[in-house]
Amino acid sequence: MNVTARSAATETDTDNDSIPLPAHRFSSRSIRSFVLRQGRMSPAQCRHLDEMMPKIGIPYRPEPLDLTAAFGRAAPKILEIGFGMGETTAKIATANPEIDYLGVEVHGPGVGALCKLIAEGNITNLRIVQHDAVEVLRDMIPDGALAGVHVFFPDPWRKARHHKRRLIQPDFVDLTAIKLAPGGYLHCATDWENYAEWMLETLSASTLENTADGFAPRPAYRLPTKFEHRGLRLGHGVWDVVFRRPQ
């Protein structure tokens with residue numbers, strides 16, 4: 001997910017404990033890191049969603065997905081979790097044609113926007129699943145199949161009582177580690193310092209190994225958005241955490 005639009009709804013100042021909360025045990029998804037809400041879609045987004053999803057969309061099914069067949073070739077596979085409006089994901093896929101990207105997003109406007117970018121850019125190495133990313137990772141991704149997982153700017157759920165809704169939890173990291181090939185990486189990025197520290201602490205307690213001494217420098221493939229540039233000019237921080245599965 002990029003800075004332009006968070007996959008999870010930004011929390012409000014009012015308490016709403018009736019909102020489904022992310023389970024630490026993903027066999028039962030009673031707690032989620034996102035709130036599914038209606039969003040307005042432009043006519044172009046609607047048109048491209050209708051035209052493109054039958055071509056590049058992959059329906060959720062609780063069974064392993066043949067990733068080679070889904071992309072029509074054998075190539076490294078990267079899972080992009082919560083791509084927001086898709087701008088960054090489209091740029092990454094375009095810049096790395098030798099790698100295949102599976103983008104997962106729950107919100108229709110973002111899916112429609114990325115479909116539009118795929119159509120306009122003739123991007124052939126990008127597929128979309130419109131579904132809960134944890135369930136996609138758990139049910140559809142074979143063990144050891146991924147070269148990497150990107151979690152860019154997930155909702156930070158700033159209030160302490162909402163921290164249980166954060167996507168980055170020990171069980172999510174453990175699940176991700178199983179899906180990574182040896183040497184595969186989990187890359188998280190956030191512009192919320194408390195969540196950055198949470199990410200670093202959570203991943204450091206896992207079986208994955210840090211690629212840096214603490215926070216990592218931004219890898220070249222994570223292209224910053226205009227909103228990130230603006231935030232940096234205003235003195236806002238951005239933190240990257242990159243861990244790998246041991247070889």
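Let me begin by describing the structure that accompanies this report. (Residues numbered from 1 in each chain as written. Predicted model: local features only at pLDDT ≥ 70, side-chain atom pairs only at ≥ 80, totals over all residues. Heavy atoms only, no water.)

Quick notes on the sheet that holds strand S7 (residues 239-244)
Logical step 1: Taken in spatial order, the seven strands line up as S3-S2-S1-S4-S5-S7-S6 in an open sheet, and their pairing is mixed. Because the sheet does not close on itself, it has two edges, and the strands there are strand S3 (126-129) and strand S6 (209-210).
Logical step 2: Relative to the sheet, helix H3 (residues 87-95) contacts strand S1 (77-81), strand S2 (100-104), S3 and strand S4 (146-152), its axis offset from that of S3 by approximately 145 degrees. (Pairing = 2+ DSSP bridges. Helix = DSSP H or I, 4+ residues; strand = E, 2+ residues; numbered from the N terminus. Contact = heavy atoms within 4.5 Å. Axes fitted to C-alpha atoms, helices over the stretch in contact; angles between N-to-C directions.)

What to know about the nonpolar core
Logical step 1: In this structure, Leu102, Val151, Ile168 and Phe172 are the most contacted members of the largest nonpolar core, which totals 34 residues.
Logical step 2: By size, the runner-up hydrophobic cluster in this structure holds 24 residues, among which are Met52, Met53, Phe83 and Ile118. (Core = buried A, V, L, I, M, F, W, Y, C linked by side-chain atoms within 4.5 Å. Buried < 20%, exposed > 50% of the residue type's maximum accessible area, 1.4 Å probe, protein only.)

Considering the environment of alanine 189
Logical step 1: Counting through the fold element by element, alanine 189 comes out in strand S5 (residues 180-190).
Logical step 2: Measuring from C-alpha to C-alpha, the distance between alanine 189 and phenylalanine 152 comes to 4.8 Å, with 37 residues separating the pair along the chain.
Logical step 3: With residues near it in sequence (within four places) discarded, alanine 189 still touches Val151, Phe152, Phe153, Pro154, Met199, Arg222, Trp239 and Asp240.

Observations regarding helix H1 (residues 43-56)
Because each turn of an α-helix spans 3.6 residues, side chains separated by three or four positions end up pointing in the same direction.
Logical step 1: Taking 1.5 Å per residue, 14 residues should reach 20 Å; H1 reaches 19 Å between its end C-alpha atoms and fits that length.
Logical step 2: Its maximal kink placed at aspartate 50, H1 deviates by approximately 30 degrees, while the proline proline 54 follows within four residues.
Logical step 3: Taken residue by residue, H1 has Ala44, Gln45, His48, Leu49, Met52, Met53 and Ile56 as its buried positions.
Logical step 4: One side-chain oxygen of the residue at the start of H1 lies 3.1 Å from the amide nitrogen of glutamine 45, identifying that residue as serine 42. (Expected span 1.5 Å × (residues − 1). Bend = angle between axes of the 7 residues up to and from the residue. Polar contact = N/O pair within 3.5 Å; in protein donor to acceptor, adjacent residues only side chain to side chain.)

A closer look at the pattern of salt bridges
Opposite charge on two side chains lets them pair, provided their charged atoms get close.
Logical step 1: Under the counting rule described, the total for this entry stands at eight salt bridges.
Logical step 2: Ionic pairing is found between aspartate 100 and arginine 73, a salt bridge with its closest N-O pair at 2.6 Å. Of this pair, aspartate 100 sits in strand S2 while arginine 73 sits in the loop between helix H2 (67-71) and S1, placing them 27 residues apart in sequence.
Logical step 3: Look at aspartate 100 and you get buried, because its relative accessible area is 1%.
Logical step 4: The exposure class assigned to arginine 73 is partly exposed, which follows from its relative accessible area of 31%. (Salt bridge = Lys/Arg side-chain N within 4 Å of Asp/Glu carboxyl O.)

Honestly, it's all geometry; don't read function into it.
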